[in-house]
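# A look at the structure
Each chain is listed here by its residues.
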Amino acid sequence: MMDYDEKSHALTPKPLDCDICIVDEMSMVDMQLFFDVLQMVPLGVRLVLVGDPDQLPSIGPGQVFSDMIQFSSIPTFKLTTNHRQQTHRGITSLAQHILTRSKLTHPLGDDCTFIHTANDDELDMKLMSLYIHDITKHHQVTIHDVQMIVPIHKGRFGIRNLNQEIANHIRSQGHFGQSWVVGDRVIQCRNNYTKRVMNGDIGFIESIESDKIQIRFHSDLVDFDSTDMQDIQLAYAVSIHKFQGSEAPIIIMPIVKQWGFFMSKDVLYTAVTRAKDHLYVVGDLQVFERMIQESKTNIRHTRLFQV
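Residues numbered from 1 in each chain as written. Predicted model: local features only at pLDDT ≥ 70, side-chain atom pairs only at ≥ 80, totals over all residues. Heavy atoms only, no water.

### Topic: the sheet that holds strand β8 (residues 202-208)
Taken in spatial order, the 5 strands make up an open sheet running β10-β9-β8-β7-β11, and their pairing is antiparallel. Pairing within the sheet leaves two strands with one partner each, and these edge strands are β10 (220-224) and β11 (232-234). Averaged over all neighbouring strand pairs, the angle between strand axes comes to 40°, with direction disregarded. Note: strand β7 (residues 185-188) against β8, 3 bridges, orientation antiparallel. Bridging from a neighbouring strand, Val186 pairs with Gly203 of β8. (Pairing = 2+ DSSP bridges. Helix = DSSP H or I, 4+ residues; strand = E, 2+ residues; numbered from the N terminus. Axes fitted to C-alpha atoms, helices over the stretch in contact; angles between N-to-C directions.)

What follows is the structure, given as C-alpha cells:
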C-alpha cells in the first residue's frame, strides 16, 4: 500500500512489513510503478513477480516484466498448466495459434464458437442476439456473465455505440435515453483512491437519487455524485486494455475489417484469453485469420538493461 494525499492526489511509497512480496499481473506494471515497488520492499524481502509476458504491456512507459525475463539474470520459471481453461482446450489452442501466427485448424474445441458474417447489419443483429438471448439460453448463465470486448471506442462497433445499443435492449420500457438506470453494469475509468475504486473495476448501479448514485463494486456499496460519475461508463462492452487482468465466463469478440491496425499479437492474445468457459468470435473470419497470421509485434526500446 502507498500513502495517498487527497489534496495533491500524490502517492508516496512506504516500506512494506513482510517476508515475501508477490506482485501479480506484472505485465501491466510500468517503469515508474515498479520503481515505487522497489522502494517499498525492504532489504532481505523475497520479491516474486507473476504475470504473462505475451499479454499487453503497461499503459505507462516500459515493458518491465518482458525485459526482466529476456535480458536479466533473475531466476525465471514458466508455468505450463492452464487453470482458467481446464477442459475442452479450444481457447488455449487458439491462443497458441496467435502466439505462433499459425493457420487455424478446425475444430479447435467446443469452448470456441466462430460465426462468420462479412455484412455489418448482420454482424450488429448477431451480436445483439447473442448478448441478449442466445448465450443465456444455451449456457445457463445470466447476462452479467457475458462480456463483449473490442479494441476501440468510436464507430458503429466501438465501445460507446455498442454499450448504448445493448443498454437500450435490456433496460425496461420508459428508460430510453436516460444516462443511468438501476441495474446498469458500469466501469470505473480512473483510479479513485478516496473511494478505493480503481481504473477497470466493474460494478452495478443499485440506486439513483437526486444527489447521488450508489454503485456496488464487489461487496462494497459506493456513493457517487455527478462529478464522480464523469469517470463512470457503461460496461456491457469494454476495451481489451481495460479488461486485461480480468476474466468472464463468456466472452464475445467482434471482428471488424477496419480493426486490423489495432489487433496486434498481444491484443489478440489478451482478448481471447479473457474467456473462462466459452469464447465467441463473430464477424469476418477471413479477416480474423489474416489478423492472426499478419499481426504485428509491438517493440518498445526501454533501455532498462542497457548500459
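Structure's up, so let's keep going.
### What about the sheet that holds strand β13 (residues 248-255)?
Reading across the sheet, the 5 strands line up as β5-β14-β13-β6-β12 and stay open at both edges, with parallel pairing between neighbours. A single partner strand is all that each edge strand has here, and the edge strands are β5 (112-116) and β12 (237-239). The sheet shows a mean angle of 25° between the axes of neighbouring strands, direction not considered. Relative to β13, strand β6 (residues 146-150) runs parallel, the two being bridged by 3 bridges. Along β13, the bridge assignment pairs Val146 with Ile250. Here helix α3 (residues 90-100) sits on the sheet and contacts β5 and β14 (275-283); the angle it forms with β14, its principal contact strand, is near 60°. Of the strands in this sheet, β6, β13 and β14 touch helix α7 (residues 265-272), which is tilted by about 140° from β13. (Contact = heavy atoms within 4.5 Å.)

### Section: the pattern of salt bridges
Inspection of every chain in the model, using the stated rule, returns 10 salt bridges. Here Arg171 makes a salt bridge to Asp184, at a shortest N to O gap of 2.6 Å. Of the two residues, Arg171 sits in the loop between α5 (159-170) and β7 while Asp184 sits in the loop between α5 and β7, which places them 13 residues apart along the sequence. No difference in accessibility class separates Arg171 from Asp184, as the two residues are buried. Between Asp223 and Lys212 there is a salt bridge, with the nearest N and O atoms lying 3.7 Å from each other. Highlighted residues: Asp223 in strand β10 and Lys212 in the loop between β8 and β9 (213-217), separated in sequence by 11 residues. (Salt bridge = Lys/Arg side-chain N within 4 Å of Asp/Glu carboxyl O. Buried < 20%, exposed > 50% of the residue type's maximum accessible area, 1.4 Å probe, protein only.)

### As for unusual backbone geometry
At His218, a position not held by glycine, the phi torsion is positive, near 60°. Residue position: His218 is located in the loop between β9 and β10. Assessed through its relative accessible area of 66%, His218 is described here as exposed. Despite not being glycine, Arg303 has its phi angle at roughly 65°, a positive value. Mapped onto the secondary structure, Arg303 falls in the segment after α8 (285-294).

### Description of the packing of aromatic side chains
The tally for this structure, following the rule as stated, stands at 4 aromatic pairs. With 6.0 Å between their ring centres and 45° between their planes, Phe217 and Phe224 make a pair best called tilted. An identical accessibility class is assigned to Phe217 and Phe224; each is buried. Look at Phe261 and Phe262: their rings are 5.5 Å apart centre to centre, the planes differ by 85°, and that puts the pair in the edge-to-face class. A relative accessible area of 38% places Phe262 in the partly exposed class. Sitting above the plane of the Phe224 ring, Lys195 keeps its charged end 5.4 Å from the centroid. (Phe/Tyr/Trp six-rings, centres within 6.5 Å; stacked < 30°, edge-to-face > 60°. Lys NZ or Arg CZ within 6 Å of the ring centre and 35° of its normal.)

### A look at the nonpolar core
In this structure, Leu94, Ile252, Leu279 and Phe288 are the most contacted members of the largest nonpolar core, which totals 71 residues. The dominant element in this core, judged by the number of residues it contributes, is helix α4 (residues 120-139), at 7 residues. In this view, Phe288 contacts Leu94, Leu104, Phe114, Met253, Ile255, Leu268 and Val281; residues no more than four positions away in its chain are not counted. Residues Val37, Val45, Val64 and Phe65 belong to the second largest nonpolar core, which totals 11 residues. (Core = buried A, V, L, I, M, F, W, Y, C linked by side-chain atoms within 4.5 Å.)

### Observations regarding the environment of Ser27
As for its placement among the helices and strands, Ser27 is situated in the loop between β3 (20-23) and α1 (31-40). C-alpha separation for the pair Ser27 and Gln244, spaced 217 residues apart in sequence, amounts to 9.8 Å. Contacts of Ser27, omitting those with residues within four sequence positions, involve Asp52, Gln55, Leu56, Pro57, Ser58, Phe65 and Gln244. Of the polar contacts made by the side chain of Ser27, one reaches the side chain of Gln244; its length is 3.4 Å. (Polar contact = N/O pair within 3.5 Å; in protein donor to acceptor, adjacent residues only side chain to side chain.)

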